[in-house]
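Chains, contacts and geometry: an overview
If you want the building blocks of each chain, they are given just below.
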Amino acid sequence: MNRPSRRRMRGHVGLLLVKPFPRHYGAASFAGRTCPHPPVIRICPDPMITTLRHLFVDSWAGRAAALLIFLAFIGWGVGDVYSNMGTASSNEVVRVGDRSITPDDFSRALSTQLSAVAKQIGLADPSQLPKSEVEQAARQTLQNLVIQNETQLAASRSGMTVPDDLVRQEIFAIPAFHNAAGVFDRSVFNERLARIGLSEGKLLQAIREDIASRGLLQGMGQSVQAPAPLTQRMLSFDASQRVFDLIQIPFAGGVVTAAPTDEQLHRFYDNHPQIFRTTEYRHAKMVVMTPESVAKTIEVPDDVLHRLYDFQARTYDMPETRTIQVLTFTDQAKAADAATAWKGGASWDDIQKKFPEAAAVSLPGVRQSDIPNPELAKMAFAAPADRISGPEKTGMGWVVFNISAVTAPHKTSFDQAKAELKTQVQKQEAGEALQARQKQFQDAVAGSSTLEQIPGDLGAVPAAGTLDSNGMTQDGLPAPIPGDAALRQAIIHQIFTQAKGAQPTVINGPNGTAFSVLVDEVHPGTLKPFDNVRDQVVQEWTTEQKRRAANLRTTALFSSAKAGSLRKALEGQPEAAALRQDVTVSRVHPDQSLPQNVLQGAFGLKPGTTGMYETPDAFWLVNVTADKPATAEDMKTLGSQLSGEYVQSMRSDIPVALNAAMERAVPPSHINMALYNQVVNAAMPPATNGGH
């Protein structure tokens, strides 16, 4: 979902106001909330024009995949959001020499990248990406644009020019601009450019620059080869096999030969008082500021919400949409075979596997106007639902398609959307509002020794209650401390390290939060009388004695194994049946049933030696008996993979080094962080703004 830039939303004085709350509050008993954490992913961006060229020119599958690329432009295009931001000098995010990266350039590249990342990790929609990953994508996208512009400057300094005929040939080869006869058509060309909001001049410039970049960089790194000795050594380290014997001796299996005497029990009780104490509880007051709590205090006037509603009219005024599954073929006979198989009951997944030569595209919830192939759009919105249609001839080839879902037109009124729109703005502004209120929060805490005079309009949530060091109440339930798990843990830690009655101070918590704590009561644990816990003392003493016995027994076997082998040490011993022999592992094929420290120990030992390791419930003996070379299968598959990864790594270093050299020649300048932030926030999915 597109969002207006912050500049637009703040274009009028007083658009965002602080909602008046009661001036003071009393600390309610644990009036807290929790919130979830987003996942983390990795992003590897590619230049937009290179992606388009590969999709449209290098493969037939690109003809169908082009639908997704055009949909990304249609769904995420920024239109004229940035057209009125000011003069030319103020309308650039970064300047590279005499070239500018405008907000429009940056926003288009970022939108395409977010769509690609979402698809790569299996998300249906870029709005599901976490805020941190959108920010990472933005940084990498801008760096990529800088590299592209640096390359163009280098090409210009080298005197490279691209003939018009070469640009024309490149454009004429793009299937998206072909008519039904398979040749370039000016009317189709104009219609496609208008659909994605791209001018002819802009496209010509992008194609010309792409050709120049390829001419400058083509072949760079292709001669790189992975050194055979190094790859062989790395492969040997990862794939070579370690063979060993091992035995596990559980603590619970230790033998206790006699019942404890009263003297032994009293000594154990005196030496382990922490086991037999009652739980320490502390009563604390706290005030907590999170983006969520601050967001609720931000009032957004209706005129702002109306403008946001109008801006997102595409979302709230929905025509009929359909979910379409499309197979595109170059051969009519193959398309007919696919239609027959599909009509015969094959699933979408099965039909793709059966006809791998087809370009398969699934378009969930699209409007008719969203489909860049007019012939397919018309047919798809005239076809009945849940019926296989085709094969039909289009400008992109022979298509067979299925309408798997139809959603009727619907309109969401302003009143219905108002709450959602308000939440969008509040979440977007919450982070900055929290930072802006930090000084007020610190002053309020400094002037309130009881934490009961904190202004409510700051967005600080009060709570109070009694809990133990694990965050549990006396009823055995988790204390409802405000915030997520990380913030809760930070608050609990502060409660149990801060002295009783100490002056509260503001503490910066995780994820941009802040809190203050006052510990006003401490109920230290007391040692329970021996007679009241005698049975517990017996149980704890017995557990300790079993662990000690297991330790002594394992140590004895360890000493014997060091003098010979583990197998010999266990000959005739009661533990012999538990011995695992000839366990074979490699770093690429570890035994997942073994504890990590035991597995690491097995790789660290020399053949013929024995090691002893401890886990929470057992002792382990490991005797390495041999090293074996990697299997032929591993050598083949891993060798090729490792060599390829190493070559790719070295190749990726070349453009980085080249870019560093080009940036030294013409360093980027006039970096406008305000515009950068506006573009990123405009592309930020609502579900992630103002979060953790």
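Residues numbered from 1 in each chain as written. Predicted model: local features only at pLDDT ≥ 70, side-chain atom pairs only at ≥ 80, totals over all residues. Heavy atoms only, no water.

To continue, consider helix α18 (residues 438-446). Among the residues of α18, Gln438, Phe441, Ala444 and Val445 are the ones counted as buried. Down the axis of α18, the sector holding all buried residues measures 125°, keeping them to one side. For α18, exposure combined with an orientation more than 90 degrees from the buried face picks out Lys439 and Ala446. Tucked into the core, α18 has its buried residues touching β5 (281-289), α17 (414-436), β13 (460-467), β14 (507-508) and β15 (514-523). (Buried < 20%, exposed > 50% of the residue type's maximum accessible area, 1.4 Å probe, protein only. Helix = DSSP H or I, 4+ residues; strand = E, 2+ residues; numbered from the N terminus. Arc of directions from axis to C-beta. Contact = heavy atoms within 4.5 Å.)

Now for the pairing of strand β11 (residues 397-407). For strand β8 (residues 321-329) and β11, the ladder comprises 9 bridges, and the chain directions are antiparallel. Paired with Thr328 across the bridge in β11 is Val399. As defined by bridge partners, strand β10 (residues 388-394) adjoins β11 across 5 bridges and the pair is classed as antiparallel. What sits directly across from Thr394, in β11, is Gly397. Between β10 and β11, which follow one another and run antiparallel, lie 2 residues. (Pairing = 2+ DSSP bridges.)

Before going further, it helps to examine the side chain of Asp245. Tracing the backbone shows Asp245 in strand β4 (residues 241-250). Within the local environment of Asp245, its side chain forms a polar contact with the backbone nitrogen of Asp582, the two atoms lying 2.9 Å apart. (Polar contact = N/O pair within 3.5 Å; in protein donor to acceptor, adjacent residues only side chain to side chain.)

Pairing between the strands of a sheet is mediated by backbone hydrogen bonds and can be parallel or antiparallel. Read across the sheet, 4 strands follow the order β13-β5-β15-β14 without closing on themselves; strand pairing throughout is antiparallel. Edge strands, defined here as strands with exactly one partner in the open sheet, are β13 and β14. When β14 meets β15, the two strands line up antiparallel, connected through 2 bridges. Residue pairing for β15: Ile507 is matched across the bridge by Phe515. Sheet contacts for α18: β5, β13, β14 and β15; angle to β15, the most-contacted strand, approximately 25°. (Axes fitted to C-alpha atoms, helices over the stretch in contact; angles between N-to-C directions.)

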